[in-house]
Amino acid sequence: MKLRESSLDKLDQRVFDVLVIGGGINGAVSAAALSAQGAKVALIDKADFAGFTSQESSNLVWGGIKYLETFEFRLVRKLCLSRNRLLTAYPASVREIRFFTTLARSFRWPRLMLWLGTWFYWLIGNCFTRTPRLLSPADIGREEPVVRTDESQGGVEYSDAYLVDNDARFVFNFVRSAINHGAIVANYVESLAAERDGGGSWRCTARDTTTGRTLTIRARALINACGPYVDANNAKNAIQTQHKHVFSRGIHLLVDRLTPSRRVLTFFADDGRLFFVIPLGPKSCIGTTDTRDEQLPPHVRPEDRQFVLDNINKRLNLPRPLSERDILAERCGVRPLVVAKSATGKQSGDWTALSRKHEIEVDRGRAHISVFGGKLTDCLNVGDEIAAIVAELGIALPFAGYRWYGEPAPEVRTDFFHQARLMDLDALTSPESSEPLSTRLWRRYAESALRLLEDIRADPTMAEVLIHGTEYIRGELYHAARREMITKLDDFLRRRSKIALIARTEAIREAPGLFEACRILFGEQAAQKFEEYFGSRPSRELISSSLRPPVPLTDEVPP
Ligand SMILES: Cc1cc2nc3c(=O)[nH]c(=O)nc-3n(C[C@H](O)[C@H](O)[C@H](O)COP(=O)(O)OP(=O)(O)OC[C@H]3O[C@@H](n4cnc5c(N)ncnc54)[C@H](O)[C@@H]3O)c2cc1C
């Protein structure tokens, strides 16, 4: 029986200490923190883990230099310290990156003022990163010839951090860590309603959205980590709160790489807000926008696309302006911004000035926790705060204080890279890859990457790139099928990997090896899952090009 099916049965049979509803970053860290400290945890998401807001961010781990302008010094310091903590705990997946900022002559501040601001930012962040630098227009032209300098007064360069893979992969690794620590976890399970039973526990009626099966999940405490859906879920469960969300829509466009350097090109867009070109694997990600929205799920509107294209074309020297034809993929999400329910007028209306802080509201009498707002950057604080609140609710954490996050100990890393060197693994790196194979496998799978090395030693074809045009090797597909709860093809293409962000859908569809990947992931359901994603059946040629029979899997079963 596969990991997910087995988890569904356990969700229906057991009584948990805590049920976490929502598997975005806030739900994932809650589950990871609680399960590692000994609580019996269940985690469900109505779609895939990180399938909503947490797959649509700018992938930045940052203190939010822009909030200095609104004098939110405490928030900036807190976020800078969270960034530093993530940089220390995840040296492979969270890395320092330079923000190469160009200022127009007409910008509201002179560059010297901004330069002083970046030094203040550096100090407020405990001087943890490389120091800022003042840039003249000539420096910008020399170091980033793609940036237009004719209207520029120069600029500044300073440091923050980014997620080297992508946000959704980062979130999934917390979900995986929760599973490793005994949490029972399932994607595509929607909470329909929850109520307290006579014995003082929660009974949540949930539905497996892939089959329609109804489940009853029982838990002593309930955490609502539904992101933009927090208010809707609280209303269903008759939970009153003092806070609520308002939404700000942000989009990003993925295009072929605009600069060979691995820096974030930073500008101020026509609306005065920060605007970025961010490296994402071998491509560039441009954004973002900040527009009030009330609809869920949000959609990219033509004016959003035009705003991003106009702003980037004005600021870069490109052989020809970027147009819609250059867009490989789009990202669109809403920032769930927390406001007091009593807020009126300016506070609930002027969303660009609203704080990006998080707020955790607890109904102690009913053992219910709602997580509002927040950022990926703040995730370790959310995990710690949730664990403290759950303990206060009287749920024992027998291993309280256990370090629930971070990459494995340095000895495990040393052994992995030693084994990889002995096998000459990096000689097998795909020409499409921007980094050695060993570096990528370690960052994505941490200690589980050792198992991949074993698989490759047993069968060297496991190191072959499977889906042509991408860097993913056959062994990773087997790993994903076994351990990453891939329920739909989109889960793999968009979230566990970033294939759907860096290649056009038509190219992915026709890529040799894609159908073999579907067979590894879904066995006899391969054609059905292919059709669910692409909207039509795979061609005969595609099917016959994947004649290699999948190696039988040893399924993982939760404890
Ligand atoms: C454009 C944009 C750029 C951003 N950039 C950054 C950045 O660079 N750095 C940064 O730190 N932060 C950034 N953020 C903020 C960050 O992405 C969000 O704050 C964070 O992802 C919110 O996570 P969450 O877990 O609260 O919500 P979500 O990720 O939305 O997770 C909520 C989950 O709950 C599930 N759910 C809802 N209802 C139910 C139900 N009834 N039953 C079961 N499951 C349910 C949903 O399917 C969803 O997966 C950005 C946000 C946006 C929109």
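Residues numbered from 1 in each chain as written. Predicted model: local features only at pLDDT ≥ 70, side-chain atom pairs only at ≥ 80, totals over all residues. Heavy atoms only, no water.

Attention now goes to the overall build of the chain. Along its length, the chain carries 20 helices and 18 strands. By its C-alpha atoms, the chain is 65 × 60 × 45 Å across when sized along the principal axes. Relative to its full complement of 559 residues, the chain shows a buried share of 59%. Of the contacts made within the chain by residues no fewer than 6 positions apart, 73% connect residues no fewer than 24 positions apart. Carbon and sulfur atoms make up 53% of the accessible area of the chain, which amounts to about 22,300 Å² in all. If the 76 positive side-chain charges of the chain are averaged to one point and the 70 negative ones to another, these points end up 2 Å apart. (Helix = DSSP H or I, 4+ residues; strand = E, 2+ residues; numbered from the N terminus. Buried < 20%, exposed > 50% of the residue type's maximum accessible area, 1.4 Å probe, protein only. Contact = heavy atoms within 4.5 Å. Areas by Shrake-Rupley, 256 points an atom, 1.4 Å probe, with all protein chains shown as cover. Lys, Arg positive; Asp, Glu negative; His and termini not counted. Charge placed at Lys NZ, Arg CZ, Asp CG, Glu CD.)

Attention now moves to the site of the ligand. Taken together, 36 residues lie near the ligand, and Asp45, Thr53, Ser54, Leu60 and Gly374 sit nearest. Between the ligand and asparagine 26 there is a distance of 3.0 Å, counted from an oxygen atom to a side-chain nitrogen or oxygen. Leucine 376 has a polar backbone atom sitting 3.0 Å from an oxygen atom of the ligand. Contributing elements (two or more residues each) for the shell around the ligand: helix H2 (25-36), strand E8 (189-196), strand E11 (243-256) and strand E16 (329-340). Residues that form the shell around the ligand fall into these classes: 12 nonpolar, 18 polar and 6 charged. (Near = heavy atom within 4 Å. Polar contact = N/O pair within 3.5 Å; in protein donor to acceptor, adjacent residues only side chain to side chain. Nonpolar A, V, L, I, M, F, W, Y, C, P; charged D, E, K, R; others polar.)

Moving on, we come to the packing of aromatic side chains. Scanning the entire structure with this criterion turns up 24 aromatic pairs. Seen from their ring centres, tyrosine 90 and phenylalanine 170 are 5.5 Å apart, and the 75° between their planes marks the pair as edge-to-face. With tyrosine 90 in the loop between helix H3 (73-89) and strand E4 (94-104) and phenylalanine 170 in helix H6 (residues 167-180), this pair connects stretches of sequence that are 80 residues apart. Note on accessibility: tyrosine 90 and phenylalanine 170 belong to one class, buried. Taken together, the ring pairs in this structure connect Trp62, Phe99, Tyr121, Tyr158 and Phe276 into an aromatic cluster. A cation over a ring is seen here: lysine 46 above tyrosine 229, with NZ or CZ 3.6 Å from the ring centre. (Phe/Tyr/Trp six-rings, centres within 6.5 Å; stacked < 30°, edge-to-face > 60°. Lys NZ or Arg CZ within 6 Å of the ring centre and 35° of its normal.)

Now for a nonpolar patch on the surface. Side chains of Phe71, Phe73 and Phe120 sit close together on the surface and give an oily, nonpolar patch of about 330 Å² of accessible area. A relative accessible area of 38% places phenylalanine 120 in the partly exposed class. (Patch = residues over 30% accessible without salt bridge, like charges linked within 9 Å, V, L, I, M, F, W, Y side chains within 5 Å. Salt bridge = Lys/Arg side-chain N within 4 Å of Asp/Glu carboxyl O.)

Taken N-terminus to C-terminus, the directions of helix H15 (residues 489-496) and helix H19 (residues 526-534) make an angle of 60°; their axes are 8 Å apart at the nearest point. Compared by their axis directions, H15 and H19 come out oblique. On H19, the residues touching Leu489, Asp490 and Leu493 of H15 are Lys529, Phe530, Tyr533 and Phe534. (Axes fitted to C-alpha atoms, helices over the stretch in contact; angles between N-to-C directions. Parallel < 35°, antiparallel > 145°, perpendicular 65-115°, else oblique.)

This part is about the packing of H3 against helix H10 (residues 379-392). Two measures define how a pair of helices packs: the angle their axes make with one another and the distance between the axes. Where H3 contacts H10, the two axes come as close as 8 Å, and the packing angle between them is 95°. Taken together, the axes of H3 and H10 are roughly perpendicular relative to one another. Contacts between H3 and H10 involve Lys78, Ser82, Arg85 and Leu86 from the former and Cys379, Leu380, Asn381, Asp384 and Glu385 from the latter. When the residues that make up the contact of H3 with H10 are grouped by side-chain class, the tally is 3 nonpolar, 2 polar and 4 charged.

Note that leucine 380 resides in helix H10. You can call leucine 380 buried: its relative accessible area is 3%. Once the C-alpha coordinates of leucine 380 and tyrosine 162 are considered, the two residues, 218 residues apart in sequence, prove to be 15 Å apart. Residues within four places of leucine 380 in sequence aside, it is in contact with Arg85, Leu86, Phe174, Trp404 and Tyr405.

Once that is clear, we can look at H3. Its 17 residues place the ends of H3 24 Å apart at the C-alpha level, agreeing with the 24 Å of an ideal helix rising 1.5 Å per residue. Every buried residue of H3 is accounted for by Leu75, Val76, Leu79, Cys80, Ser82, Arg83, Asn84, Leu86, Leu87 and Ala89. The secondary structure elements touched by the buried residues of H3 are strand E3 (60-61), E4, helix H4 (111-124), strand E6 (152-163), H6 and H10. (Expected span 1.5 Å × (residues − 1).)

It is worth stressing that arrangement in space is one thing and function is another; only the former is reported here.
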